Amino acid sequence: MVGPSRPKRDGSEPDLLGEVPQPPRRRLRSALFLLLLLFVLGWALEGAKLRPGELFYGIPEIAMTIGRMLPPDFTKVTDSKSYYFPESLSPSELFLPFPVPEDKARLRQRWWDNTFPQTVVGATVETIQMALAGTFLALVVAFPVGFLAARNTSPHAAIYYGTRLVLNFLRTIPDLALGLVFVAAVGLGAFAGTIALFVHTTTVLGKLLSESVENIDEGVVEAIRATGAGYGQILAFAVLPQILPDVISFTLYRLETNIRAASVLGLIGAGGIGYLMNTSFRTFQYQEASAIVLVLILLVMVVDYASYRLRQLVV
Amino acid sequence: MRERVAMAYQYRLEKVGKVFGRRQIALARIDFVVQRGEKVALIGPSGAGKTSLFRILNCTLRPSSGKLWINGDEIESLHGRRLREVRRKIGTIYQQHNLVPRLKVIHNVLSGRLGRWSAFRSLASLMRPLEVELAWSALKQVGIEEKIFTRTDELSGGQQQRVAIARVLVQDPEVILADEPVSSVDPSLAASIVNLLIDIGRDTHKTLLMNLHSVDLALAYFPRVIGIKNGVALFDLSPDKIDDRLLEDLYSGHLPPSDQEKVAHAESNALAYP
């Protein structure tokens, strides 16, 4: 402990520190606060039904489950049989978008629509498509909404409070709950999942963008307005250039989040790779499930890295 | 007949006041007339209301009381397109430059054209700059034409101030308002920038109003100096009539209020004055 240097005893130096006001002491309040905190924590641990003992005895069980997952079984990914390629179609007829006779075209359509999304690669591609589509649509809507929900660019106070209210309300709904709603509304599949991602991402991006707009340098806005510019011109010349880095980095960040969200949405049948993973676990195909988990991890890592590099480029 | 008399004035202010919030008095009562082509310096302690006055003069802030005529137009009655038309004829140079740091110099300069451009033209210019020759000649006039395609935040403070001047040049207004244009550049540069602005004003017959921190510059370069303190004009004289006693009065007993600027800014944030 290094204390403040004390003045000399003989009084040869004036007691400077004597005049320094001491920080106020709040011992009683701190103690009470700490007690309350401990109480709440204890209450939470109690409610969470933590039983460390069972966890300890369960370790062999966990090890066994992990053991059953090893080694990962990649046959579903690598074996061409699991893709059920239609025998009457050559690979070029199947994969290249050239016109083919009508019966073959129908066969091709059916394979792309129904068979391919059931495969691991197909479901992974679908996950990426869902995340991309959901994020893009969300950006298209959230971009104007962000201006409406920002104090300094909203055309009217009523619009400002209205959009904020709607955004705040919708944002409280988790995307999984939205997924359940849309699965009930439009049926199982990627469409339901994509709308769920779109709605949730719109609320989050709208909020983030509105905050970004509120943080701009107002002096620039005033300078542009003073040149005789109209509302749109002020947005384009003074506001947009200032928020553009945020727009890009928020969107990429949401894309990362949505890849993860899209893979979870499969659990409720809203498309994506999560559905396959769930099926594998439910049917005790642990080795297959672990392969899918690994594919998922790889996917998330690739997207995270790609968006990191993109962000570095722009910002 | 009345109209014609009014047209000779650039600015006419009658008991103009501005109150922020409930009690933050930025301007108490300002009366003056500025003729077309006149060069006027405003001096006074910080917090005296000079910046608020300039924001009223360039129509980005409405006065709370009093009347303001610009070129014979009563400003209170103006809205929308006609208000923007008046703003277009007033170019402002700010102490903080107020340029977009991420944009290239040319876009910041060309933003002076916005009052003349359609929305579509403005967007097109952000993609690929229009009227490059105009921006070039303006930058050449302030001596930094080689920076035309540089990002603005890569320039020094003095260079950015020149970009702000070039923006006003392409705006080609009738009035130039310069709010502390030299307080963020070093003293040797300050005189040359004031000189530049005075030359521009004289060559193109523009009215020039300048807020100045430096009393010396104001007295040396301007034929008319207005001293502002606590929101009122303390004096309005030619520099040879301004003596040390007047200046002492102007700057004495003044402690800049700490929260005044904050309130002033908070109120001006919204686009409530479109």
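Structure: above.
Remember, it's a predicted structure, so these values are computed and weren't measured experimentally.

### So, the side chain of T152 of chain B
Residue and element names in this part refer to chain B.
Inference 1: Following the sequence through the fold, T152 ends up in the loop between α6 (132-142) and α7 (157-171).
Inference 2: Looking at T152, the relative accessible area reads 0%, which means it is buried.
Inference 3: In contact with T152, not counting residues within four places along its chain, are L99, V100, P101, L103, K104, V105, N108 and Q160.

### A few points about the layout of surface pockets
Inference 1: Of the volumes computed, that of the second largest pocket is approximately 390 Å³.
Inference 2: For the second largest pocket, the lining is made up of 14 residues, of which P241 and L244 of chain A together with L103, H107 and L126 of chain B are closest to its centre.
Inference 3: Residue assignment for the lining of the second largest pocket shows that the elements contributing at least two residues are α12 (231-265) of chain A together with α5 (119-127) of chain B.
Inference 4: A total of four residues in the lining of the second largest pocket trace back to one element, the largest contributor, which is α12 of chain A.
Inference 5: Class assignment of the residues belonging to the lining of the second largest pocket gives a composition of ten nonpolar, one polar and three charged.

### Observations regarding the pattern of salt bridges
Residue and element names in this part refer to chain B.
Inference 1: Inspection of every chain in the model, using the stated rule, returns 18 salt bridges over all chains.
Inference 2: Two residues, E180 and K50, come together in a salt bridge whose shortest N-O distance is 3.9 Å. Note that E180 is positioned in the loop between β7 (175-179) and α8 (187-203) and K50 in helix α2 (residues 50-57), a separation of 130 residues in sequence.
Inference 3: We note a salt bridge from R224 to D236, for which the minimum N-O separation is 2.8 Å. Of this pair, R224 sits in strand β9 (residues 224-229) while D236 sits in strand β10 (residues 232-237), and the two are twelve residues apart along the sequence.
Inference 4: For R224, a relative accessible area of 12% corresponds to the buried category.
Inference 5: Using a relative accessible area of 33% as the deciding quantity, one classes D236 as partly exposed.

The rules we used
Residues numbered from 1 in each chain as written. Chains lettered and ligands numbered in written order. Predicted model: local features only at pLDDT ≥ 70, side-chain atom pairs only at ≥ 80, totals over all residues. Heavy atoms only, no water. Helix = DSSP H or I, 4+ residues; strand = E, 2+ residues; numbered from the N terminus. Buried < 20%, exposed > 50% of the residue type's maximum accessible area, 1.4 Å probe, protein only. Contact = heavy atoms within 4.5 Å. 1 Å grid on protein atoms, 1.4 Å probe; cavity = no way out; pocket = protein on both sides within 12 Å on 5 of 7 lines; lining within 4 Å. Points joined across faces, edges and corners; volume = space filled by probe spheres on them. Nonpolar A, V, L, I, M, F, W, Y, C, P; charged D, E, K, R; others polar. Salt bridge = Lys/Arg side-chain N within 4 Å of Asp/Glu carboxyl O.

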